[in-house]
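# Secondary and tertiary structure notes
Chain by chain, the residues:
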Amino acid sequence: MKFFHLSDLHIGLKLINWDLREDQEYILHQIVELAVRERPDALVIAGDIYDKAVPSAEAMEVLDGFIAELTQKLPELVIMMISGNHDSASRVNCYRSVLARQNLYMIGVPPVRPEEFMEKVVLRDAYGPVNFYLLPFVKPSTVKQITGTDEKGNNLSYDETLHRLLARETVDTVERNVLVSHQFYLPVGKSADEVERMDSEIRTVGNIDEVSVEVLQLFDYAALGHIHKPMKVGSEVARYCGTPLACSVSEAGQQKGVIEVELGAKGQVQTRVLPLHPLRQIRVLRGTAAEVLAQACDDYVSVMLTDLPDFDTQDRIRAAFPYLLEIRRETLLQRDYVGALKAQEKLDPYEICCSFLGDVPEKEMAILQDVVNHVFTEGETE
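Below you will find a few notes about this structure. Not measured: the values here are computed from a predicted model.

### Observations concerning the sheet that holds strand β18 (residues 300-305)
The strand order across the open sheet formed by 3 strands is β17-β18-β19, and the pairing between neighbours is parallel. For this open sheet the edge positions go to β17 (282-287) and β19 (323-329), each flanked by a neighbour on one side alone. If you compare each strand with its neighbour and ignore which way they point, the axes differ by 15° on average. Bridge analysis of β17 against β18 gives 6 bridges, and the strand direction is parallel.

Rendered as structure tokens:
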């Protein structure tokens, strides 16, 4: 069983002042070409189909064109997609039962009543069934009829909610099972603050939406969406594929791709990333006006000038970069601050303490040195 893992298409996105429709259509067509070449049995999209809850008519046309091209060239392909936190769950859920009869599963709403369970799509190959569990983005408040509340009647945490929601499913661990989910699953051994997030992501205050990755252990593969940078959450079989196209300047230089997953017999899972090549890259250029202008190109460009521009510098930069995103100027204050930080990085802890305290008597300096040495010696032995 072979399937493609995609997520976070964010169709309809604008990158600062640029409409990305042409770029998104280009990358989606490239995905179709990869599917024609590799012949997957299924394609899953793990949420954030659109960038807005109420997508524009143009954004809907882009998705329609993508699905139409896929189904025309691969009529046997099973397509599964769930809503993410950017999507309108009810809109994605529209015509759900009708579309399912066409091998197109658009699941917008998670189970919300006690008699409801996660959508399960069963495909078969030579080794037997493969169960795809489709779980759209979940807020604790939307599923509390199922998961309950705490002793004070408050909503449960995201972590407890997901644990309870998945625990009520009858997952046959003898068979092969795939979860498609759009949540913030915390990688093994990391705190939420250690996970690199992109500027294009919506983040909760205090990272209250984090979910322990241990809840994914029931599944042979977890096709995850929500994090925009490709990332594993503990192993090869629990992964964020990232966006197929950079959605912010913070994603400049990232290699985007589609994850191809191949399931053999139970316990045999192989993954590989099929690279995607955008119509235009995102580049961040820093330097003097002359240095920047020497790198003229047709990519999306964010410029940071380190010198004082002439009266016509902006016009020359705009002419050199037809897809210019922004021009910023590094101030002397910024430069001095960064320089000071770099200079401090070269100092040892004792020197940093001395620079902070100023003039210290020689006797006290000796005491300070003993204290610093003691602290760092203790730290190395723990």
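### Some words on the pattern of salt bridges
One pass over the full model with this rule turns up 25 salt bridges. Where Arg 280 meets Asp 23, a salt bridge forms, and the shortest distance between an N and an O atom there is 3.0 Å. Of this pair, Arg 280 sits in the loop between β16 (269-275) and β17 while Asp 23 sits in helix α1 (residues 21-38); the two residues are 257 residues apart in sequence, bridging distant segments of the chain. One exposure class covers both Arg 280 and Asp 23, and it is buried. Residue Arg 272 is joined to Glu 260 by a salt bridge in which the shortest nitrogen-to-oxygen separation is 2.7 Å. Within this pair, whereas Arg 272 is found in strand β16, its partner Glu 260 is found in strand β15 (residues 257-263), the two being separated by 12 residues in sequence. Given the relative accessible area of 40%, Arg 272 is considered partly exposed. With a relative accessible area of 5%, Glu 260 lands in the buried category.

### Focus on the environment of Leu 43
Within the secondary structure layout, Leu 43 lies in strand β4 (residues 42-46). With relative accessibility at 0%, the residue Leu 43 sits in the buried group. Along the primary structure Leu 43 and Met 80 are separated by 37 residues, whereas in three dimensions their C-alpha atoms are 6.3 Å apart. Residues within four places of Leu 43 in sequence aside, it is in contact with Phe 4, Leu 6, Ile 31, Leu 70, Leu 77, Val 78, Ile 79 and Met 80.

### So, the pairing of strand β6 (residues 104-107)
With burial as the criterion, each face of β6 is covered, one bearing Leu 104 and Met 106 and the other bearing Tyr 105 and Ile 107. By the bridge criterion, 4 bridges tie strand β5 (residues 78-82) to β6 in an arrangement that is parallel. Looking at β6, one finds that Met 80 is bridged to Tyr 105.

### Digging into the nonpolar core
Counting 31 residues, the largest nonpolar core has Leu 43 and Phe 66 as its most contacted members. Counting residues per element, the ones that place at least two in this core are β1 (2-6), α1, β4, α2 (57-73), β5 and β6. One finds Met 118, Leu 165, Ala 192 and Val 215 within the second-largest nonpolar core, a separate group that totals 30 residues.

### Quick look at the sheet that holds strand β9 (residues 176-182)
With respect to topology, 6 strands assemble into an open sheet ordered β7-β8-β9-β12-β14-β13, the strand pairing being mixed. Edge strands, defined here as strands with exactly one partner in the open sheet, are β7 (119-125) and β13 (231-235). The mean inter-strand angle of the sheet, taken between neighbouring strand axes irrespective of direction, is 15°. By the bridge criterion, 3 bridges tie strand β12 (residues 221-225) to strand β14 (residues 238-240) in an arrangement that is parallel. Each bridged residue has a counterpart across the sheet, and for Ala 222 the counterpart in β14 is Ala 238.

### Considering the packing of aromatic side chains
In the structure shown here, the tally under the stated rule is 6 aromatic pairs. Taking 5.3 Å as the distance between ring centres and 80° as the angle between the ring planes, the aromatic pair formed by Phe 3 and Phe 132 counts as edge-to-face. Of this pair, Phe 3 sits in strand β1 while Phe 132 sits in strand β8 (residues 128-135); the two residues are 129 residues apart in sequence, bridging distant segments of the chain. Phe 132 matches Phe 3 in its accessibility class, with the two residues each being buried.

The rules behind the values
Residues numbered from 1 in each chain as written. Predicted model: local features only at pLDDT ≥ 70, side-chain atom pairs only at ≥ 80, totals over all residues. Heavy atoms only, no water. Pairing = 2+ DSSP bridges. Helix = DSSP H or I, 4+ residues; strand = E, 2+ residues; numbered from the N terminus. Axes fitted to C-alpha atoms, helices over the stretch in contact; angles between N-to-C directions. Salt bridge = Lys/Arg side-chain N within 4 Å of Asp/Glu carboxyl O. Buried < 20%, exposed > 50% of the residue type's maximum accessible area, 1.4 Å probe, protein only. Contact = heavy atoms within 4.5 Å. Core = buried A, V, L, I, M, F, W, Y, C linked by side-chain atoms within 4.5 Å. Phe/Tyr/Trp six-rings, centres within 6.5 Å; stacked < 30°, edge-to-face > 60°.

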